[in-house]
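Fold and contact review
Take a look at the letters that make up each chain.
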Amino acid sequence: MLYLDTANIDELKKAMQLNILNGVTTNPSILLKEGKQREEMIQEILSVTTGEVFVQTEGMTVEEICKDAETILNTFQSDRIALKIPAHFEGIQAISKMKDTYPNVNVLATAIYSAEQGLLAALAGCEYIAPYVNRMENNNINPYEVIANIHQIFNDQQIQTKILAASFKNTNQIVHILAAGAHTATISFELFEAMANKGLAIEAIEKFNSDAAKLRSLRGHTNA
């Protein structure tokens, strides 16, 4: 499972050609980069992708978050729409309320910085939690230890919530979080491309193609 963390339509069209993505995650900061309103942007994303499309709620209070979650669900009315709700105290309450009302709508608890925060969000009923890997590293928190602890707790307590890690600076972080126990990740298009287009791999492929061209040129000499 892998998700793309972008709202750029050109990036999404290109990435979807590989047929390996499980969906798309967005947040207000990502949408702002595209310079369009949320409603227009999410509709465009739905039209060019498959899988889940996560839309993040606005607000700080339980009431504000739940109201915006209702707006999201009523606006798009697609079974592919999933909610992203920040996992502070009020957000965790909102997750619990939304899961009670909409048990079939998947929820991703976002902005996770600790195992205990992830546990509370999972107990509230969300399907996914999103630990912020690079942001943890930038604040002297070991994200791989946090993810390993969450993974162990979920296994021990038989909690079905999946760890969907987010916030990456390089592809090594992606590999390390998966090795630490994360179930999946959401990554930028830049890192998505970088996972395949390794410099050494490109050099090797270019050399193979060059030698293939030389091999073809030998046909005329051989026939002569």
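The present account deals with the structure reproduced in this document. (Residues numbered from 1 in each chain as written. Predicted model: local features only at pLDDT ≥ 70, side-chain atom pairs only at ≥ 80, totals over all residues. Heavy atoms only, no water.)

For Thr6, the position within the fold is in the loop between strand E1 (3-5) and helix H1 (9-16). Thr6 gets classed as buried once you look at its relative accessible area, which sits at 7%. Once you skip the residues sitting within four places of it in the chain, Thr6 turns out to touch Glu11, Leu12, Val24, Thr25, Thr26, Ile30 and Ile45. (Helix = DSSP H or I, 4+ residues; strand = E, 2+ residues; numbered from the N terminus. Buried < 20%, exposed > 50% of the residue type's maximum accessible area, 1.4 Å probe, protein only. Contact = heavy atoms within 4.5 Å.)

Here we come to the side chain of Thr161. Looking at where Thr161 falls in the secondary structure, it is placed in the loop between helix H8 (143-157) and strand E7 (162-165). Overall, the relative accessible area of 5% leaves Thr161 in the buried class. A polar contact of 2.9 Å, which involves the side chain of Thr161, links it to the backbone oxygen of Cys126. Apart from residues no more than four positions distant in its own chain, Thr161 is found in contact with Ala122, Cys126, Glu127, Tyr128, Ile129, Phe154 and His183. (Polar contact = N/O pair within 3.5 Å; in protein donor to acceptor, adjacent residues only side chain to side chain.)

Bringing the packing of aromatic side chains into the picture now. All told, the structure shown has four aromatic pairs when counted by the stated rule. Ring centres 5.9 Å apart and planes at 70° place the aromatic pair Tyr3 and Phe54 in the edge-to-face group. Of the two residues, Tyr3 sits in strand E1 while Phe54 sits in strand E3 (residues 52-56), which places them 51 residues apart along the sequence. Residue classification places Tyr3 among the buried residues on the basis of a relative accessible area of 1%. Arranged with centres 6.3 Å apart and planes meeting at 75°, the rings of Tyr3 and Tyr128 form a pair that is edge-to-face. Here Tyr3 is found in strand E1, whereas its partner Tyr128 is found in strand E6 (residues 128-131), with 125 residues between them in sequence. Just as Tyr3 is buried, Tyr128 falls in that class too. (Phe/Tyr/Trp six-rings, centres within 6.5 Å; stacked < 30°, edge-to-face > 60°.)

Of all the six residues making up strand E5 (residues 107-112), five are buried; the element is thus mostly covered by neighbouring parts of the structure. As judged from the four bridges shared by strand E4 (residues 81-86) and E5, these two strands associate in the parallel manner. Following the sheet pairing, Ile85 is matched in E5 by Ala109. Following the chain from E4 across helix H5 (residues 89-101) to the adjacent parallel E5, one finds a crossover that is right-handed. Of the strand pairs in this sheet, E5 and E6 are connected by three bridges, and their pairing is parallel. Among the inter-strand pairings, Ala109 is bridged to a residue of E6, identified as Ile129. Between the parallel pair E5 and E6, the chain is carried across by helix H6 (residues 115-123), and the sense of this crossover is right-handed. (Pairing = 2+ DSSP bridges. Right-handed = clockwise from strand over helix to strand, strands pointing away.)

Attention shifts here to helix H10 (residues 189-196). Those residues of H10 that fall on the buried side of the exposure criterion are Phe189, Leu191 and Phe192. Angular distribution of buried residues about the axis of H10 spans 165°; they occupy a single face of the element. Buried residues along H10 sit in contact with E1, H1, helix H9 (171-180) and strand E8 (184-187). (Arc of directions from axis to C-beta.)

This brings us to the environment of Asn134. By the secondary structure assignment, Asn134 is in helix H7 (residues 133-138). Owing to a relative accessible area of 14%, Asn134 belongs among the buried residues under this scheme. In this structure, the C-alpha to C-alpha distance between Asn134 and Phe168, residues 34 residues apart in sequence, is 5.1 Å. Once residues within four sequence positions are removed from consideration, Asn134 is found in contact with Ser167, Phe168, Lys169 and Gln173. There is a polar contact of 3.0 Å between the side chain of Asn134 and the side chain of Gln173.

Okay, the sheet that holds E4 next. Taken together, eight strands build a closed barrel; the order of strands is E1-E2-E3-E4-E5-E6-E7-E8 and the barrel is parallel. When the angles between neighbouring strand axes are averaged without regard to direction, this sheet yields 30°. In this sheet, strand E2 (residues 23-25) lies alongside E1 in parallel orientation, the contact comprising three bridges. Note that in E2 the partner of Tyr3 across the bridge is Gly23. Sitting on the sheet, H8 is in contact with E6 and E7, with an inclination near 165° to E7. (Axes fitted to C-alpha atoms, helices over the stretch in contact; angles between N-to-C directions.)

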